[in-house]
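Fold and geometry: a report
Spelled out, the chains give:
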Amino acid sequence: MLDVLIRGGQVIDGTGAPRRQSDVAIVGDRIVEVGLLPQATAARVIEASGSVVAPGFVDCHSHTDWSIQANPTAESTIRQGITTEIVGQCGWSNAPVSEASRELITQRLGTYAYHDPIAWSSTGEYLEFIGRMGTSPNLAWFVGHNAVRAAAGVIGPTATEAQMEQMEAYVAEAMEAGCVGLSTGLEFEPGRTAQTDELVRLNRVAGGYGGIYASHIRNRDAAIFQAIDEFMTIARAGGGRAEISHLNVRYNTGAPDRAWERAVEMVEGARREGVDVMADTTPYTEGIGQMAGILPPWVLAHGSARAAEALKDPAVRARLRGECDRYWRFIHRGEWGRVRMLGSAEFPELSGKSLAEVAAIWDKDPWDCYFDVLAAAGSGLDSVIVVAELFTPEHVADMIGHPLFSLGVDSFSSRVDGPLSERTRHPLSFAGMLHYLAYHVRENRTLSLEEAIRKMTSQPADHHGLAGRGRLAEGSFADLVVFDPGHLEEVSTLEQPLAYSRGIDYVLVNGAVVVDGGEHTGARPGRNLLR
Ligand SMILES: [Zn+2]
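Heads up: these notes are all about the structure in this document. (Residues numbered from 1 in each chain as written. Predicted model: local features only at pLDDT ≥ 70, side-chain atom pairs only at ≥ 80, totals over all residues. Heavy atoms only, no water.)

Counting through the fold element by element, Arg-317 comes out in helix α11 (residues 314–320). With a relative accessible area of 11%, Arg-317 lands in the buried category. Ignoring any residue separated from it by four or fewer positions in sequence, one finds Arg-317 in contact with Leu-311, Lys-312, Asp-368, Phe-371 and Asp-372. (Helix = DSSP H or I, 4+ residues; strand = E, 2+ residues; numbered from the N terminus. Buried < 20%, exposed > 50% of the residue type's maximum accessible area, 1.4 Å probe, protein only. Contact = heavy atoms within 4.5 Å.)

Here's what the structure looks like:
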């Protein structure tokens with residue numbers, strides 16, 4: 001007898017093939033048969049007529065590792081059908097941890113409502129901790145360059161040979177523990193300080209284990225092409241399998257003409273030369289970023305705590321007003337309405353408010369508001385997250401429609417209650433993945449449902465080396481979703497963000513039912529997907 005039978009649904013298998021009516025039979029954690037199975041019986045039968053049955057969604061660019069410690073049931077993302085989150089992105093991971101970086105990691109997790117002591121040092125110990133805790137979704141892990149650099153105590157552009165070898169050892173340990181690869185975040189401290197040679201050496205180590213290189217590249221406006229050249233150099237050193245994270249161009253930030261189209265041509269050219277590079281996108285015209293990202297290197301040269309202290313000095317503030325023309329350059333241009341507060345431990349009441357609104361509430365100049373928030377964060381300055389209007393709707397549609405772009409969210413799982421909710425007042429966490437299906441597929445008709453599902457299942461699973469995931473086929477793991485495409489509802493809005501999306505009726509992870517009739521069962525069958 002079968003454990004679960006999903007009967008009468010339209011199967012969209014994740015390959016891009018057109019839907020067809022099939023039953024899906026599950027034993028243990030695997031799909032054992034797909035086809036018309038009128039005689040089959042099962043301990044649990046899910047009636048799916050009128051619904052689509054598809055592989056569970058893979059969020060190829062997730063920051064859920066920030067919040068999973070305080071939200072192991074991944075409330076807001078599992079309800080969107082996300083059964084695997086690929087985390088440790090943009091250079092940030094929660095391991096390794098050394099005495100030099102313990103404060104940084106403690107502050108990061110504190111910002112996302114986890115306040116227990118950090119009980120791990122190596123990546124292996126961290127993954128064991130996550131495994132013991134148990135999670136609803138599967139998680140696949142990158143080791144982050146920022147974490148590695150901080151743990152090795154590197155300050156400034158050049159690591160000593162001893163520090164360099166320490167960083168290589170951290171990456172090797174993480175790869176042996178099962179990470180899928182190395183990620184970098186080259187618009188943020190400390191990653192942006194690092195030179196190409198350092199990244200080449202570290203990715204050579206990751207590539208030696210068959211790892212993939214994922215990068216939030218150094219620049220996506222005036223110097224976007226140089227940044228992609230650097231990316232390719234680093235990618236080649238690791239064997240070539242690589243992902244340009246959220247490859248996009250923010251509007252009104254000084255990018256050259258046709259910057260995105262030309263960037264895509266560079267990716268296609270590299271692929272023709274045998275570099276297995278792909279890219280991903282985010283769902284909205286808004287996206288998240290790091291509040292401190294606009295600060296010039298000299299303020300951050302001695303760490304977050306000292307930078308926060310310096311930001312209280314009126315002379316430093318006066319100088320900074322003229323020196324923040326980087327990263328989200330529209331801030332420097334005074335477009336304060338484009339930027340909203342998101343995650344700040346000190347000012348949760350500001351979450352969701354634009355800097356223009358904050359300035360009105362505090363009755364202060366927006367620059368002073370900006371510096372006040374960062375100064376109050378102290379050594380947690382690095383962890384304050386903002387969200388901004390970054391792209392035109394046409395640009396988002398181009399990225400989502402391009403076959404080489406997987407569909408990621410670039411946010412983190414949250415919940416509607418408790419302290420985590422106070423730091424997440426934006427639909428990204430609550431409806432980011434669903435937005436692709438409810439808006440881009442159903443309303444805007446940017447792409448077909450089959451193609452969207454391919455770009456959120458088999459494409460990212462294959463490219464990241466997640467064996468047995470991303471396809472609805474015999475022998476695959478039973479990560480599945482059942483939904484009626486006409487009934488998907490994002491629910492969460494900018495005005496009322498704290499609401500779960502609706503319409504994903506059933507979610508199975510490794511054969512266990514995690515969402516049952518739209519309700520979270522509390523089950524935590526997720527696994528660490530080790531390379
Ligand atoms: Zn990023």
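The structure having been displayed, the exposition proceeds.
Across two bridges, strand β1 (residues 2–11) lies against strand β5 (residues 52–55) in parallel orientation. In the sheet register, Val-11 faces β5, and the bridge partner there is Val-53. Across four bridges, β5 lies against strand β17 (residues 480–483) in antiparallel orientation. Along β17, the bridge assignment pairs Val-52 with Phe-483. (Pairing = 2+ DSSP bridges.)

Judged by nonpolar contacts, the single largest core of 149 residues is most densely connected at Phe-57, Leu-247, Leu-295, Trp-328 and Phe-483. The residues contacting Phe-483, other than those within four sequence positions of it, are Ser-51, Val-52, Phe-57, Leu-437, Leu-449, Ile-453, Leu-488, Gly-503, Ile-504 and Asp-505. (Core = buried A, V, L, I, M, F, W, Y, C linked by side-chain atoms within 4.5 Å.)

Bringing the side chain of Ser-411 into the picture now. Residue position: Ser-411 is located in the loop between β16 (405–407) and α16 (418–421). Apart from the residues within four sequence positions on either side, Ser-411 is in contact with His-61, Ser-62, His-63, Thr-64, Ile-288, Leu-428 and Ser-429.

A separate point is helix α3 (residues 123–133). Those residues of α3 that fall on the buried side of the exposure criterion are Thr-123, Gly-124, Tyr-126, Leu-127, Phe-129, Ile-130 and Met-133. Each element contacted by the buried residues of α3 is listed here: β8 (138–144) and α5 (161–177). With its phi angle positive at about 85°, Gly-134 sits one or two positions after the end of α3.

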